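What follows is each chain in one-letter form.
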Amino acid sequence: MANNILSKASGSLLRHLILLLLCISLICSASSCTKTDVAPAKKTPQNENILRYDVNAPFTSLNPTEVYASGSHHVFPLLYSFLVVPNTNKELEPDLAVKWSYDPETYTWTIHLREDALFHNGQPVTSRDVIYSLNAKMAYVRPALLPLVVQMAYISDDVFSIHLTHDDANFLKKIWWFEIIPEPDGDTIDYDNHPVGSGPFKFAHRNSDKEVLLVANDDYYNGRPSLDGVAFYYQPD
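Only a predicted model underlies this, so the values are computations on that prediction, with no experimental measurement involved.

### Structural notes on the sheet that holds strand β8 (residues 201-207)
Stage number 1. Sheet architecture is open: four strands sit in the order β1-β10-β9-β8, paired in mixed fashion. Strand pairing shows two members of the sheet lacking a second neighbour, β1 (50-55) and β8, which therefore form its edges. In this sheet, adjacent strand axes meet at a mean angle of 20 degrees when their direction is disregarded.
Stage number 2. Here strand β9 (residues 211-216) pairs with strand β10 (residues 229-234) via five bridges, running antiparallel. Paired with V215 across the strands is G229, a residue of β10.

Spelled out as structure tokens, the structure:
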């Protein structure tokens, strides 16, 4: 399946599809499926530039700070962006972050964000969004990381810092898979029916826990994906 996916992708889309496979490897051991009666998913017409992607777990919430083992995890790497992403050699490369540095004397990471990234609702991605996302992800999904962080400090809209409790030059490798979502500003985002990310694809619609359709994000900071969309279907084992 991986070969079929990668053959349809290029550039930044390829990196996010590789990331999708890496994310799946992190949660597949925790995933479990119960056989239920599910109507056969419709087939994507061959002449459409849409990738069909079958998963073996039902879709739940599309809020990455509240979900750990779910079919939704297959959707996250294309719907959301990350600070950094690993390449095929597992080395971290820029995504939302364009550069970063670590001071081993103060145990502080300083991270600079790109200025042209937009969420799917047209709002810019800022340091406040990243800090909110990292804190939320650690609180609900990776609480074991909380004791490692003294604080995350806002410096400017495109610069923030992470102060650790002790020396950890590999801290970014522990959070690279944390999806970035908008900081709540008074409006509640419906993550079941209209999630908002900043990835190469944006949400189009879903059919209960059976189907999720993403369409190409024309305003993606790395350029519009070569695919027009990705259709995810829940198919029980």
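### Details of the environment of F82
Stage number 1. Assignment of secondary structure puts F82 in the loop between α3 (76-79) and β2 (84-86).
Stage number 2. A relative accessible area of 0% means that F82 is categorised as buried.
Stage number 3. Along the primary structure F82 and I180 are separated by 98 residues, whereas in three dimensions their C-alpha atoms are 5.8 Å apart.

### A closer look at the sheet that holds strand β6 (residues 149-156)
Hydrogen bonds between backbone groups are what pair the strands of a sheet, and the pairing can be parallel or antiparallel.
Stage number 1. Taken in spatial order, the four strands make up an open sheet running β4-β5-β7-β6, and their pairing is antiparallel. Taken across any chain shown, the strands that pair with only one partner, and hence form the sheet edges, are β4 (97-103) and β6. Strand-to-strand twist of the sheet, defined as the mean angle between neighbouring strand axes without regard to direction, takes the value 15 degrees.
Stage number 2. Of the strand pairs in this sheet, β4 and strand β5 (residues 108-113) are connected by six bridges, and their pairing is antiparallel. Bridge pairing in β5 places W100 opposite I111.
Stage number 3. Lying on the sheet, helix α4 (residues 127-140) is in contact with β5, β6 and β7 (159-164); it crosses β6 at an angle near 165 degrees.

### Observations concerning the packing of aromatic side chains
Stage number 1. Scanning the model with the defined rule gives five aromatic pairs in all.
Stage number 2. For the ring pair Y53 and F232, a centre distance of 5.3 Å and an interplane angle of 50 degrees mean the geometry is tilted. Taken together, the residues span a long stretch of sequence, with Y53 in strand β1 and F232 in strand β10 at a distance of 179 residues. Pair check on accessibility: Y53 and F232 agree, each one buried.
Stage number 3. Arranged with centres 4.9 Å apart and planes meeting at 35 degrees, the rings of Y102 and W109 form a pair that is tilted.
Stage number 4. For W109, a relative accessible area of 5% puts it in the buried group.
Stage number 5. Lying over the aromatic face of Y233, R52 brings its terminal NZ or CZ to 4.4 Å of the ring centre.

### Remarks on the pattern of salt bridges
Stage number 1. Counted according to the given criterion, the structure contains seven salt bridges.
Stage number 2. Its salt-bridge partner being D209, residue K210 comes within 3.6 Å of it at the nearest N-O pair.
Stage number 3. Each of D218, R224 and D228 takes part in a single network of salt bridges with overlapping partners.

### Quick word on the side chain of H120
Stage number 1. Within the fold, H120 resides in the loop between β5 and α4.
Stage number 2. From its side chain, H120 meets the backbone oxygen of G199 in a polar contact 3.2 Å long.
Stage number 3. Setting aside chain neighbours within four positions, we find H120 in contact with L79, V196, G197, S198, G199, F201, K202 and N217.

About the thresholds
- Residues numbered from 1 in each chain as written.
- Predicted model: local features only at pLDDT ≥ 70, side-chain atom pairs only at ≥ 80, totals over all residues.
- Heavy atoms only, no water.
- Pairing = 2+ DSSP bridges.
- Helix = DSSP H or I, 4+ residues; strand = E, 2+ residues; numbered from the N terminus.
- Axes fitted to C-alpha atoms, helices over the stretch in contact; angles between N-to-C directions.
- Buried < 20%, exposed > 50% of the residue type's maximum accessible area, 1.4 Å probe, protein only.
- Contact = heavy atoms within 4.5 Å.
- Phe/Tyr/Trp six-rings, centres within 6.5 Å; stacked < 30°, edge-to-face > 60°.
- Lys NZ or Arg CZ within 6 Å of the ring centre and 35° of its normal.
- Salt bridge = Lys/Arg side-chain N within 4 Å of Asp/Glu carboxyl O.
- Polar contact = N/O pair within 3.5 Å; in protein donor to acceptor, adjacent residues only side chain to side chain.

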